[in-house]
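# Summary of the model geometry
Residue-level listing of the chains:
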Amino acid sequence: MLDLLFPPDCAGCGRSGGLLCPACLQAIADLQEQRCARCALPSRISLCRYCRSSASSLFALQAVALYEEPLRSCIQHLKYQGVTRLAPFLGRMLAASYRRHHLQADLVLAVPLHAERECQRGYNHARLLADVCARELGLPSPHSLLERVRATAAQARLSASERQQNVAGAFRCQPQKSQSVLRGRTVLLIDDVCTTGATLEACSSALLQAGAKQVQALVLAIPG
Ligand SMILES: [Zn+2]
Ligand SMILES: [Zn+2]
């Protein structure tokens, strides 16, 4: 109702005409070039050279698009400016990408924020995305299974190896609940952006340790 009286500016381009205008919605293009199924970097073969020779706890990693405008602004609005109404748009993009890449999971989990950070922000943006995606796919999303037990420094300014150290052991599965829910199941792990994959890997390790059969990750954006 309020939107009818005061149409919101588009989170992508700033012009008035809806929360995400048709032009921006269309501009968030699916990744076209061939990419590695495990790290999502450009690769002409399904597993890139690096992934073929290194162990990863992630079975698959896919992204909706590159971390470019207008998606970049949308993610920032969702994450830092409280525009949680963007979650349905972006969550549906995740679900479409899941289908397009033939991912196959039994349940959906978001990369958790530390309780303190979630309290400050008032919500976990990844969880909002995961909830929409799970609803679209008809899958359960028992978020309380996975928690961030250690507050970690912001990853943005760290190198790849610092990132890995920063998040190592930062996640844990709830011991009582996880056994029955995770055993033999494939988890779809959702986050907004994946830079080096260190956070997704750390979550994935915790899930596998708690009995999950396989972890597939899906993010909105990866760096170009
Ligand atoms: Zn726009
Ligand atoms: Zn790879």
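For the structure itself, consult the block above.
An account of the accompanying structure is given in this report. In this numbering scheme, every chain counts its residues from 1 along its sequence in written order. Throughout, the order in which chains and ligands are written sets their labels, letters from A for the former and numbers from 1 for the latter. Owing to the predicted nature of the model, reporting of local features is limited to residues with pLDDT of at least 70; listing and counting of side-chain atom pairs is limited to 80 or more, with chain, interface and lining totals taken over all residues. As a rule here, side-chain values come from all non-hydrogen atoms in the structure, and water together with hydrogens is ignored.

A few words now on the coordination of the zinc ion (ligand 2). Note that water is not among the atoms used; donors are N, O and S atoms within 2.8 Å of the metal (3.2 Å for Na, K and Ca), so sites may look incomplete. At this site the zinc ion (ligand 2) is bound by Cys36 (SG), Cys39 (SG), Cys48 (SG) and Cys51 (SG), with donor distances of 2.2 to 2.4 Å. Its four donor atoms give the zinc ion (ligand 2) angles of 106 to 115° at the centre, a pattern that matches the tetrahedral case. Along the chain, the residues donating to the zinc ion (ligand 2) fall in the pattern C-x2-C-x8-C-x2-C. Here cysteine 48 lies in the loop between helix H2 (22–27) and helix H3 (49–53) and cysteine 36 lies in the loop between H2 and H3, a separation of twelve residues in the sequence. Residue cysteine 36 shares its accessibility class with cysteine 48, and that shared class is buried. Only four donors with every angle between 85 and 135 degrees are called tetrahedral; only four or six donors with opposite donors over 155 degrees apart and all others between 65 and 115 are called square planar or octahedral, in that order; all others are irregular. Numbering goes from the N terminus for both helices and strands, where a helix is a DSSP run of H or I of at least four residues and a strand is a run of E of at least two. Relative accessibility under 20% of the residue-type maximum defines a buried residue, over 50% an exposed one, and the middle range a partly exposed one, all with a 1.4 Å probe and only protein chains included.

Here we come to the environment of proline 70. Its place among the elements puts proline 70 in the loop between strand S1 (60–66) and helix H4 (71–80). Assessed through its relative accessible area of 8%, proline 70 is described here as buried. Separated by 47 residues in the primary sequence, proline 70 and alanine 23 place their C-alpha atoms 9.6 Å from one another. Note on contacts: a residue pair qualifies if any of its non-hydrogen atoms lie within 4.5 Å across the two residues. Not counting residues up to four positions away in its chain, the partners in contact with proline 70 are Gly12, Cys24, Ala27 and Ile28.

Looking now at the coordination of the zinc ion (ligand 1). Those donors, Cys10 (SG), Cys13 (SG), Cys21 (SG) and Cys24 (SG), are the protein atoms that reach the zinc ion (ligand 1), and they lie 2.3 Å from it. Relative to the metal, the four donor atoms surrounding the zinc ion (ligand 1) lie at angles of 105 to 114°, and the coordination shape comes out tetrahedral. The sequence motif formed by the donor residues of the zinc ion (ligand 1) is C-x2-C-x7-C-x2-C. Of this pair, cysteine 10 sits in the loop between helix H1 (2–5) and H2 while cysteine 24 sits in helix H2, and the two are 14 residues apart along the sequence. The pair formed by cysteine 10 and cysteine 24 is uniform in burial state, with each residue classed as buried.

A word on the packing of helix H5 (residues 87–100) against helix H7 (residues 125–137). Think of two packed helices as two axes; the pair is described by the angle between the axes and how far apart they sit. Geometry is summarised by axes, namely lines fitted to C-alpha atoms with helices restricted to the contacting stretch, and by angles between N-to-C directions that run from 0 to 180 degrees. Viewed as axis vectors pointing N to C, H5 and H7 meet at an angle of 55°, and their least axial separation amounts to 8 Å. When the axis of H5 is compared with that of H7, the two are oblique. The two elements H5 and H7 meet at a crossing, and its hand is right-handed. Packed against H5, whose contacting residues are Ala87, Pro88, Leu90, Gly91, Arg92, Leu94, Ala95, Tyr98 and Arg99, the element H7 presents Leu128, Leu129, Val132, Cys133, Glu136 and Leu137 at the interface. Under the convention adopted here, Pro, Cys and the residues Ala, Val, Leu, Ile, Met, Phe, Trp and Tyr are nonpolar, Asp, Glu, Lys and Arg are charged, and Gly plus all remaining residues are polar. Across the contact of H5 with H7, the residue classes tally to eleven nonpolar, one polar and three charged. Should an angle fall under 35 degrees it is taken as roughly parallel, and over 145 as roughly antiparallel, whereas 65 to 115 is taken as roughly perpendicular and any remaining angle as oblique. Helix crossings fall into two classes, left-handed where the near helix is turned counterclockwise from the far one by less than a right angle and right-handed where it is turned clockwise.

Attention now goes to the pairing of S1. By the criterion of burial, S1 is predominantly enclosed, with seven of the seven residues buried. A pair of strands is treated as paired once DSSP finds two or more bridges between them. As paired elements, S1 and strand S6 (residues 214–222) share six bridges and run parallel to each other. Bridging across to S6, leucine 66 finds its partner in isoleucine 222.

Membership of the largest hydrophobic core comes to 40 residues, with the highest contact counts inside it found for Leu86, Leu90, Leu94, Tyr98, Leu188, Ile190 and Leu220. With seven residues, the top contributor of residues to this core is H7. Not counting residues within four places of it along the chain, the set of residues in contact with isoleucine 190 comprises Leu94, Val108, Leu109, Ala110, Val111, Ala126, Leu129, Ala130, Cys133 and Leu218. Among the buried residues, those of types Ala, Val, Leu, Ile, Met, Phe, Trp, Tyr and Cys that are joined through side-chain atoms within 4.5 Å form a nonpolar core.

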